[in-house]
Amino acid sequence: MQPLKIYNTLTRQKDTFEPLASPHVGMYVCGPTVYNNAHLGNVRTFMTFDLLFRYLTHIGYKVRYVRNITDVGHLVGDGDEGEDKIGRMAKLEQLEPMEIVQRYTNDFHRVMEDFNIFPPSIEPTATGHLIEQIEAVQNLIAKGLAYESNGSVYFDINAYNEAGNDYGKLSGRILEDLLNETRELDGQSEKRNPLDFAIWKNASPEHLMQWNSPWGRGFPGWHLECTCMSAKYLGNQFDIHGGGMDLKFPHHECEIAQAKGLTGTDPVRYWMHTNMLTVNGQKMSKSLGNSFLPAQLLSGDHELLDQSYSPMTVRFFMLQSQYRSTLDFSNDALKAAQKGFKRLVNGLRIVKTLEYVAEVGGTPDEKKQADIEQSLQGFYDGMNDDLNTSVAIAHLFSLLKYVNMLYMNQLKAATLGEELFTKLKTQFVIFCEDVLGLKEEPSEGSAVLKGMLSLYREYKAAQQYDKVDEVRSYFKSQGLVIRDMKHRIDWAYEE
Ligand SMILES: [Zn+2]
């Protein structure tokens, strides 16, 4: 089998994946800043790393997956000046900043669950790691890589590069070009060099989120949380760091500088970045009016949408393209995905009903056997080639053809032999459900079932087991089973 290869932004090539301490894998993904509803770009990024998490687990790794929640320090404009995104929303809505954080964290989790995206192993927050961040600032000052200025502390790019480092190596930016792009006037800045970035910011009295520090009242710089939390839970060096490609610069570049400044080691072995979404060929943006929320896609409530699309249709649609290519949303493409997903999920339903029947004198069909083996292998080869889901799904559809033939009795199980028949049956389900995270969706009109399921959750939380049994038997009467899984409660057709 081909080894797993991952396109590494740092080396600009597909590198063979070799974890530092196999079978353990450490993976960090920059999570959302929770000041508004999760958008579709978020969904694509987190679905990509969900796929990687699932696939690594499937091929035998034990993954510790850390995905943070940014709940302080991310400023409007993504730079060192301006209001805190969450603080700004809190003022607008006259709420406590943590109410904003809670509201949009809940929304984010609901959206992740809708799209069958697993929760990470650890979901740390920036405000939960202020002590670590203040310590990191102190250490960087002690190492001569940061300096205080008017109660703020800045990372010193010149000092970092003079110590033999290379700021800009991830994104391929050249220092002089960056300097030419900045427009700060001499003598007007607290910074020694316009490229220096804040690791601690002095807070004015009206700034909502602020804490005591050795430099006065303030708050941490946006880039610092990821450095501190990844090191805390995954070590000074770990395997995979992911995020959307818009985070490559400056966020990830700054993460590398901070971590390398603190420990002397490059923090990450494989940097992975997901590509953008477009709508009808145009960049998705609020100002163009073509940016819609996941909920709008699921309800069809947007002028650019002809109809609603189910979460699994959207998931299937997104996975049809490899994560490094741009993904274009259009009604035609979504409708095609809806058809494709229906065919696939129909195969998923019937494959579970297939049974092997031995036939005396049944002759093996070697051509078909070889074809099935090739497609089973092809799925892995696709996934191992930098998660090329487009190739993997094409092989899945080749397998689907045989599943349908078996079901329609156009192909006798005996001609495949019991071993290959069983392999086809089990692998088909594993590829769909475990690896791609695609599952059968209860048909429309399932509002009653949804309501019953949330009742079940409540009864269960309140330990009212007699009522739990009652709901269970209701589901059974509908031909469904409730499944209590590690992270959540779901339903499925009875097997
Ligand atoms: Zn980050």
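The preceding data block contains the structure.
Thresholds, definitions, all that
- Residues numbered from 1 in each chain as written.
- Predicted model: local features only at pLDDT ≥ 70, side-chain atom pairs only at ≥ 80, totals over all residues.
- Heavy atoms only, no water.
- 1 Å grid on protein atoms, 1.4 Å probe; cavity = no way out; pocket = protein on both sides within 12 Å on 5 of 7 lines; lining within 4 Å.
- Points joined across faces, edges and corners; volume = space filled by probe spheres on them.
- Helix = DSSP H or I, 4+ residues; strand = E, 2+ residues; numbered from the N terminus.
- Buried < 20%, exposed > 50% of the residue type's maximum accessible area, 1.4 Å probe, protein only.
- Expected span 1.5 Å × (residues − 1).
- Contact = heavy atoms within 4.5 Å.
- Pairing = 2+ DSSP bridges.
- Axes fitted to C-alpha atoms, helices over the stretch in contact; angles between N-to-C directions.
- Salt bridge = Lys/Arg side-chain N within 4 Å of Asp/Glu carboxyl O.
- Right-handed = clockwise from strand over helix to strand, strands pointing away.
- Donors = N, O, S within 2.8 Å, 3.2 Å for Na, K, Ca; no water.
- Core = buried A, V, L, I, M, F, W, Y, C linked by side-chain atoms within 4.5 Å.

A.B. asks: So what's going on with empty space enclosed by the protein? Which residues, and what values?
C.D. replies: Where empty space is left can be seen by rolling a probe of water-molecule size over the atoms. Counted under the stated rule, the structure contains four cavities of 30 Å³ or more. Its boundaries defined by the atoms lining it, the largest cavity holds a volume of some 70 Å³. Lining the largest cavity are R44, M47, T48, L51, M318, L319, S321, Y323, L387 and T389. Within the residue set of the lining of the largest cavity, elements represented by two or more residues are helix 1 (40-58) and helix 10 (311-319). No other element matches the four residues that helix 1 contributes to the lining of the largest cavity.

A.B. asks: Provide a residue-level description of unusual backbone geometry, including the pertinent values.
C.D. replies: Here S22 and P23 are connected by a cis peptide whose omega angle stands at 5°. Look at the link from F249 to P250: it is a cis peptide, with omega at 0°. Of note in this structure, N150 is not a glycine but carries a positive phi near 55°. Position of N150 among the secondary structure elements: in the loop between strand 5 (146-149) and strand 6 (152-155). The phi dihedral of D386 falls on the positive side, at around 55°, and the residue is not glycine. Structurally, D386 can be placed in the loop between helix 12 (366-384) and helix 13 (389-407). Taking the relative accessible area as the measure of exposure, D386 reaches 1% and is therefore buried.

A.B. asks: Would you mind going over helix 11 (residues 331-351) in detail, with residue names and values included?
C.D. replies: Helix length check: helix 11, at 21 residues, gives a terminal C-alpha distance of 30 Å against a target of 30 Å (1.5 Å per residue), a fit within 8%. Every buried residue of helix 11 is accounted for by N331, L334, A337, G340, F341, L344, V345, G347, L348, I350 and V351. Summarising the contacts, the buried residues of helix 11 are in contact with helix 9 (294-299), helix 10, strand 13 (327-329), helix 13 and helix 15 (418-435).

A.B. asks: Lay out the sheet that holds strand 3 (residues 24-29) with the relevant residues and their values.
C.D. replies: Strand order in the open sheet made by the four strands is 4-3-9-10, with parallel pairing throughout. One side of each edge strand has no neighbouring strand; the edge strands of this open sheet are strand 4 (62-67) and strand 10 (268-274). On average, adjacent strands in this sheet sit at an angle of 20° to one another, irrespective of strand direction.

A.B. asks: Could you give me a rundown of the pattern of salt bridges, with the residues and numbers involved?
C.D. replies: Inspection of every chain in the model, using the stated rule, returns 21 salt bridges. Of the charged contacts in the structure, one is a salt bridge between E83 and K91, with a shortest N-O distance of 3.5 Å. In this structure E83 comes out as partly exposed when scored by relative accessible area, which is 36%. Under the relative-accessibility criterion, K91 is labelled partly exposed at 41%. Overlapping salt bridges, with partners in common, bring together D50, R54 and R315 in one network.

A.B. asks: Give me the lowdown on the pairing of strand 3, citing residues and values where you can.
C.D. replies: Most of strand 3 sits inside the fold, with five of its six residues counted as buried. With six bridges joining them, strand 3 and strand 4 adopt parallel strand pairing. Following the sheet pairing, H24 is matched in strand 4 by K62. What joins strand 3 to strand 4 is helix 1, and the crossover it makes is right-handed.

A.B. asks: Tell me about the coordination of the zinc ion, and name the residues and values.
C.D. replies: Those protein atoms acting as donors to the zinc ion are C30 (SG), C226 (SG) and H251 (NE2), and they sit at 2.1 Å. Of note, the zinc ion draws all its donor residues from one chain, in the sequence arrangement C-x195-C-x24-H. Of the two residues, C226 is situated in helix 7 (residues 224-234) and H251 in helix 8 (residues 248-263); the sequence distance between them amounts to 25 residues. In this structure, C226 and H251 share a single accessibility class: buried.

A.B. asks: Got a sec to walk through the nonpolar core? Specific residues and values, please.
C.D. replies: If you look at the biggest cluster of nonpolar residues, it comprises 96 residues, and the most contacted ones within it are I240, F329 and F428. Judged by nonpolar contacts, the second largest core, of 38 residues, contains L140, F155, W200 and L247.

A.B. asks: Which residues make up helix 15, and what values do they have?
C.D. replies: For helix 15, built from 18 residues, the straight-helix expectation of 26 Å at 1.5 Å per residue is met to within 8% by its first-to-last C-alpha distance of 24 Å. Within helix 15 the residues assigned to the buried category are L420, F421, L424, Q427, F428, V429, F431, C432, E433 and V435. Each element contacted by the buried residues of helix 15 is listed here: helix 1, helix 11, helix 12, helix 13 and helix 14 (413-416). Following helix 15 by one or two positions, G437 has its phi on the positive side, about 70°.

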